[in-house]
Amino acid sequence: MGTDTPGIPIAGGIEAGIDRTRPHTTQGTYLELIHSWVVTVDHKKLGILYICYALVFLLVAGFEALLIRVQLFYPHNDFVGPASFNRLFTMHGTTMVFLVGMPILFGFGNYLVPLMIGARDMAFPRLNAFSFWISAFAGLLLYYSFIGGVGLAGTGSAPDVAWFAYAPLTERAFSPGHTVDYWAVAILASGIGSIGTAINFLATFFCMRCKGMTLMRIPLLPWLYATVSFLVLVTISPLTAAQAMLLIDRYLGGHFFDTQAGGSAILWAHFFWIFGHPEVYVLVLPAFAFANEIIPVFSRKAIFGYAAMVAASVGIGFISLSVWAHHMFTIGMTSFGNAFFTLSTMLVSIPTGIKTFNWLATIWGGKIRFETPMLFSIAFLFQWVIAGLTGIMLSISAWNWQLHNSYFVVAHFHYVLVGAIVFMIFAAIYYWYPKMTGRMLDERLGRWHFWLMVIGFHLTFDTMHIPGLLGMPRQIFTYEPDRSWTLLNQIVSIGGFLQAIAVLILVYNMVHSYFRGEEAGPDPWDAWTLEWSIPSPPPPYNFATDPVVASRRPLWDLKHPEDTDSAFE
Amino acid sequence: MAGLIVAESAIFTIFVTAYLYYLGRDVTGPTPREVLEIPIFGTVCLLSSSGFIVLAERAIEHGKMAAFTLWWAVTMLLGAIFLADTANEWYKLIVHDHLTISTNLFGTCFYSLVGLHASHVIVGLIMMLVVLLFALGRKVHPGHAERVKVLAMYWHFVDAVWVVVFTVVYIIGR
Amino acid sequence: MTSSCAAWGATSNTSIFAPLSTPAREVNQLAIFVLAICALIFTGVSVLLIYALVRYRARPGETSEPPQVFGSVQIELAWTIIPILIIVTLFLGTARVLFSVQDARKPEKALDVIVVGHQYWWEFRYPQYNVTTANELHVPVSNPAFSRPTFMKLTSADVIHSFWVPRLAGKTDLLPNRVNEMWIDPQETGLYVGQCAQFCGMEHAKMLLRVYVDSPDEFRQWIANQQKMQRDGAVAMPASLTVPNQGNGGPGTPPPNSPMTRMEPAAQPAGAPQQSTAHDGQLVFEQQACINCHTVAGTIANGRYGPDLTHLMSRDTLAAGAMPNTPENLKKWIDDPNNFKPGSLMPAMHLTERQNAQITAYLMTLK
């Protein structure tokens, strides 16, 4: 295949990839190397920083989860006391959402969005660096709380109010000390970072596309990131405002959520879930985005129903703004309110259903290659269907009165967050690691990782539904021996440890392959989007000359001049 | 900037919602009706400043730098008057009416909402001051029109928010 | 003691699929209906997916690309419309249960209970009987032979809690500054357990909930016993302090345990030696800070911050179900509540061994 096929000039060309520079062979001392990473405004370096930062916190929060699971292994266990346990699950939730989920997805977005739309960087590189560092600062601040106050033994001043931090428990009267302050300020700071990143994505998406890339030729991943960014703008902001109110209450003696002065406990719940539910879509849409890229490549077929996929993603974004109160069916809304939020929540299943069936149709008639990214994507498809169905069950407001705040809910959202999002993050790591480092991840270790993860995941989270149906509420540090939950909890805990081993295999694989991995070349998967047209890892300027595209799959056109997409679009 | 404005609008929406939600739910006084006076003068100043900034934008587009500096300064002056008016109002509320942020729900919501807006005015004034200093130092030229327009967009936003805040606090709220 | 242990052992079932009250039963039927539909959907999608994975796997050695298909409006429309139909079905089913349970009319003869959530215990008031108790709710059975549902008004004294007894009904939150409502009509007598279902602070896990469904006669007896007040006068106190506790009614209502409403005075336990220790115990109880938080109706103890202790011995458990109500546990609890519930808002009073024994003896008389 030629580098400069007439009419489709792909800059740099695939064969130019032979001459590449690797970041870690850069001349200079370690100090200079570190300095270059700290001051970088390159979207690729920042993307990798985001991902590494998130992986570190993934290990930390995973460790917290294991401590939680040890504590729940026996009824009346006193492995950690209630004080520590409450801090552990609060930190686990907060970390996983704000310090793992968002950064890792922003990291991939940072890395991939400019490459996929043929840009040389994000629209505002310095804002990008600022966003990353303020998020990093937020993470460090949050974790400093462990050694604040009385220090590690009593787990310091770590927040202990659950990740949704319902008022008035967070008011001074019920939470003296600084636990809530750490939480609120850290979330506030990371929220500012997220808003900055979202603005950056939107500006990049709308202003930085290469020549020929019309809106309907943008790969699905940037489309979904644009939707996510819009959601971040309109939902993180209410959270930021609510945090500001909480801090006004705590420091200036305000009464927003002070029930003793006539304030309202429900208002916080509304404000939090106006953020909290769309936040799920902020996390899951990038996972969909990865699936949209990976499933077609390994099925060797174009994505089925591109336009419907775009419409469904944007539709999910909008519908998700009107469903927040399904977290509050037991809070005493009117029956009309309950009915409304039941219906609006169910509506989300229509666009998600379209997406699921379109993935199925993409696979249908393809020639499926079962490599590690695809394995994770297939597991994702199954798990996503289950997560969606339990989601419908939870949206049934009458049934939700029983299910709300039980382990069924915990199982459901872990099915979404782990079964869908984390699985797709793993798929994305296997898929794009060669692009980022120039080396392949080890396929054999990848399979070990995959199967252990699948077995562990299903042991843990399939089982976890049952204690919820048997009346086990969430966020309890221990339970009564007579409730028939013991065996179930033990299975859940064992599964948790299997998953931990799986993640450690991934970490080993990433480190090992960085030094010893097989050379990847620019296009190891025989893929079709622009990022595979340039060397791995890409040079700082990405594209030597600005690419020009004529279809959604420029590399397909390049490789199959006899059957180009551009002829059909 | 459009993105930032969307985000900011969401923040203001939340504070406005809280204000409306808590209207009349106070356990103790003073109530808005007892203490609030309609700040007509400040409002007129702020809203008219939006007009002057448009003049400034036109001037820089046409390369009339002196006119630009003048209109820019007038805009800032009006913004500053508005701010002084708000400060004066707060002084009266705190000293004469003993309404502080921790007095009651109304106090909390009022100072938060109006304070949030005032802080945006201050941010706007600081950014405009930087431009003004550059303009006085003859460092601003018509090539900067695009950036000036972005700043002007922010200022229009701050004014538009005041219309909402004014309606909520001084018309519905009383 | 034996009975409390037996009751302790019987608390095993909290399954939402074993409903014994109309709200729980209606939800259960709906749940099974939804589960069936979801199982069908899952089976269908899985079969298609597995078939596609097997049928369209890449065979070794094949290098050509499959035919490229970009979409099909008809097929995509089909899988837009079918889910819409399913959703309409599910929504109608939900709406029926939702309105019938949530907007149920309250019958005249219903029992009223006011539930107040506290960090980490439950307060139950029976306004029709001027009775207040804690942690163990007694309600009458409500079957076709004797229909008497219980309608509860729920609120909170501090943070948000949630009332959940899975076999009787779904949960309803208890919020400060707000009153929520729920109802149950338990069809069979027995003990039903549950617990707080909204994270409410350190000891959220030990905010357990026990609902005793009594036969109509048992319930009448229980109410009668709860209405008795304890005998005062063990201690000589300054006149200003000896005003008997006005009970639990608000201003203007007849005080529940005042002489004009009370029944026969409670019979004191027989054992004479114990009696004197118990009297000493009351002295200690009333001179220490206990009475700032606890009420013993009929005595000067009228605190409201902690559970009402007037009939402590009629309860099977202590500290919101954290442990069986035995003398040893009671003594350990008074000695240091943090033994059982670290984070409990009851302070350790640093009593001497002797004082503790006396107080325990006194509390043991509060039948």
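Residues numbered from 1 in each chain as written. Chains lettered and ligands numbered in written order. Predicted model: local features only at pLDDT ≥ 70, side-chain atom pairs only at ≥ 80, totals over all residues.

Caption draft 1: Up close: the overall build of chain C. Tallying secondary structure elements over chain C gives eight helices and twelve strands in all. In chain C, buried positions account for 44% of the 367 residues. Sequence-distant contacts, at least 24 apart, represent 68% of the contacts inside chain C between residues at least 6 apart. (Helix = DSSP H or I, 4+ residues; strand = E, 2+ residues; numbered from the N terminus. Buried ≥ 20, exposed ≤ 12 C-beta atoms within 10 Å, placed from the backbone. Contact = placed C-beta atoms within 7 Å.)

Caption draft 2: Representation of the overall build of chain B within the structure. In terms of regular secondary structure, chain B is built from six helices and zero strands. Helices (α) and strands (β) of chain B occur, in sequence order from the N terminus, as α-α-α-α-α-α. Nonlocal contacts in chain B, meaning residues at least 24 apart in sequence, comprise 82% of its contacts between residues at least 6 apart.

Caption draft 3: Region of the structure containing helix H6 (residues 220-252) of chain A. Residues and elements named next belong to chain A. Compared with an ideal rise of 1.5 Å per residue, which puts 33 residues at 48 Å, H6 spans 46 Å between its outermost C-alpha atoms and is within 8% of the ideal. Of all the bends in H6, the largest measures some 25° and sits at Val232. Within H6, 27 of the 33 residues are buried, leaving the element largely enclosed by the surrounding structure. Of the residues one or two after H6, Gly253 is the one with positive phi, at around 75°. (Expected span 1.5 Å × (residues − 1). Bend = angle between axes of the 7 residues up to and from the residue.)

Caption draft 4: Looking closely at unusual backbone geometry. For the bond running from Ala167 of chain A to Pro168 of chain A, omega is 0°, close enough to zero to count as cis. Looking at where Pro168 of chain A falls in the secondary structure, it is placed in the loop between helix H4 (125-144) and helix H5 (179-207). Despite not being glycine, His98 of chain B has its phi angle at roughly 55°, a positive value. The residue His98 of chain B is located in the loop between helix H4 (65-95) and helix H5 (105-136) in this model. For His98 of chain B, a count of 12 C-beta atoms within 10 Å puts it in the exposed group. Its identity as a non-glycine residue notwithstanding, Asn177 of chain C has a phi of 70°, on the positive side. Note on placement: Asn177 of chain C falls in the loop between strand E7 (169-174) and strand E8 (180-184).

Caption draft 5: Looking closely at the interface of chain A and chain B. If you look at the interface, chain A gives 25 residues, while chain B gives 19 residues. For the side of chain A that touches chain B, the secondary-structure elements that each account for two or more residues are H5, H6 and helix H7 (265-299) of chain A. Looking at which element gives the most residues to the side of chain A that touches chain B, the answer is H6 of chain A, with ten residues. In terms of residue class, the side of chain A that touches chain B is built from 17 nonpolar, eight polar and no charged. (Nonpolar A, V, L, I, M, F, W, Y, C, P; charged D, E, K, R; others polar.)

Caption draft 6: Expanded view of the interface of chain C and chain A. Every contact between the two is made by 76 residues of chain C and, on the other side, 74 residues of chain A. Within the residue set of the side of chain C that touches chain A, elements represented by two or more residues are helix H2 (22-55), helix H3 (73-102), strand E6 (161-165), E7 and strand E9 (190-195) of chain C. The element that contributes the greatest number of residues to the side of chain C that touches chain A is H3 of chain C, accounting for 16 residues. Here the side of chain C that touches chain A is built from residues that sort into 44 nonpolar, 22 polar and ten charged.

Caption draft 7: Highlighting the nonpolar core. With 329 residues, the main nonpolar core has Phe380, Met424 and Ala427 of chain A as its most contacted residues. Phe380 of chain A has contacts with Ala291, Ala420, Phe423, Met424 and Ala427 of chain A, leaving out every residue within four places of it along the chain. (Core = buried A, V, L, I, M, F, W, Y, C linked by C-beta atoms within 7 Å.)

Caption draft 8: Representation of the environment of Val410 of chain A within the structure. Residue and element names in this part refer to chain A. For Val410, the location among the structural elements is in helix H12 (residues 407-437). What makes Val410 buried here is the crowd of 21 C-beta atoms within 10 Å. Counting along the chain gives 51 residues from Val410 to Phe461, while the straight-line C-alpha distance between them is 8.6 Å. If we skip the residues at most four places from it in the chain, Val410 touches Met464, Gly468 and Arg474.

Caption draft 9: Representation of the arrangement of the chains. When the two pairs of chains in contact are ranked by number of contacts, first place goes to chains A and C. For chain B and chain C, which are not in contact, the least C-alpha distance works out to 11 Å.

Caption draft 10: Representation of the packing of helix H3 (residues 82-116) of chain A against H5 of chain A in the model. Residues and elements named next belong to chain A. Running from N to C, H3 and H5 cross one another at 20°; their axes reach a closest spacing of 11 Å. In terms of their interaxial angle, H3 and H5 are classed as roughly parallel. Every pair of crossing elements has a handedness; the one defined by H3 and H5 is left-handed. Seen from H3, the contacting residues are Thr94, Phe98, Met102, Phe106, Gly109, Val113 and Pro114; seen from H5, they are Trp183, Ile187, Ser190, Ser194, Thr197, Phe201, Thr204 and Phe205. (Axes fitted to C-alpha atoms, helices over the stretch in contact; angles between N-to-C directions. Parallel < 35°, antiparallel > 145°, perpendicular 65-115°, else oblique. Left-handed = near helix turned anticlockwise from the far one by under 90°.)

Caption draft 11: Inspection of the pairing of strand E1 (residues 111-118) of chain C at higher detail. Residues and elements named next belong to chain C. Across the eight residues of E1, six count as buried, placing the element largely inside the fold. Pairing of E1 with strand E5 (residues 150-156) involves seven bridges; the strand directions are parallel. Across the sheet, residue Ile114 finds its bridge partner in E5, namely Lys153. Sheet topology places E1 next to strand E2 (residues 121-126); five bridges connect them, and they run antiparallel. (Pairing = 2+ DSSP bridges.)

Caption draft 12: Representation of the sheet that holds E1 of chain C. Residues and elements named next belong to chain C. Pairing is mixed in the open sheet, where five strands are placed in the order E3-E2-E1-E5-E8. Two strands bound the open sheet, and with one partner strand each, they are strand E3 (131-134) and E8. Adjacent strand axes in the sheet meet at a mean angle of 25° when their direction is disregarded.

Caption draft 13: Region of interest: the packing of H5 of chain A against H6 of chain A. Residue and element names in this part refer to chain A. It is the contact of H5 with H6, at a shortest axis distance of 8 Å, that shows an interaxial angle of 150°. As judged from the angle between their axes, H5 and H6 are roughly antiparallel. Where H5 crosses over H6, the handedness of that crossing is left-handed. Tallied by class, residues from the contact of H5 with H6 come to 19 nonpolar, six polar and two charged.

Caption draft 14: Up close: helix H14 (residues 486-516) of chain A. Residues and elements named next belong to chain A. With 31 residues, H14 should reach 45 Å at 1.5 Å per residue; the first-to-last C-alpha distance of 45 Å fits that figure. Every buried residue of H14 is listed here: Asn489, Val492, Ser493, Gly495, Gly496, Gln499, Ala502, Val503, Leu506, Asn509 and Ser513. Residues of H14 that are buried sit in contact with helix H2 (43-71), H12 and helix H13 (443-469).

Caption draft 15: Broad picture of the environment of Gln355 of chain C. Assignment of secondary structure puts Gln355 of chain C in helix H8 (residues 353-364). C-alpha of Gln355 of chain C to C-alpha of Arg178 of chain C: the two residues are 177 residues apart in sequence and 41 Å apart in space.

Caption draft 16: Seen up close, the sheet that holds strand E10 (residues 208-214) of chain C. Residues and elements named next belong to chain C. Spatially, the three strands line up as an open sheet ordered E4-E10-E9, and their pairing is mixed. Two strands lie at the open edges of the sheet, namely strand E4 (136-140) and E9, each paired on one side alone. Between one strand axis and the next, the sheet turns through 25° on average, direction left out of account. The strands touched by helix H4 (residues 216-227) are E4 and E10; relative to E4, the strand with the most contacts, the crossing angle is about 130°.

Caption draft 17: Broad picture of the confidence of the model for chain C. Residue and element names in this part refer to chain C. Averaged over chain C, the pLDDT score is 81; the fraction of residues at 70 or greater is 84%. Note that residues 1-11 has pLDDT below 50 and, in this model, 14 contacts with residues that lie over four places away or in other chains. Scored below 50 in pLDDT, residues 233-244 shows 13 contacts in the model against residues more than four places distant or in partner chains. Under the prediction, the complex receives an ipTM of 0.86, its pTM being 0.88. (pLDDT = per-residue confidence, 0-100.)

Caption draft 18: The environment of Leu113 of chain B, seen in detail. Residue and element names in this part refer to chain B. Summarising the element assignment, Leu113 is placed in helix H5. Between the C-alpha atoms of Leu113 and Val165, which are 52 residues apart in sequence, the distance is 7.6 Å. Ignoring any residue separated from it by four or fewer positions in sequence, one finds Leu113 in contact with Phe15, Val16, Tyr19, Val165 and Val169.

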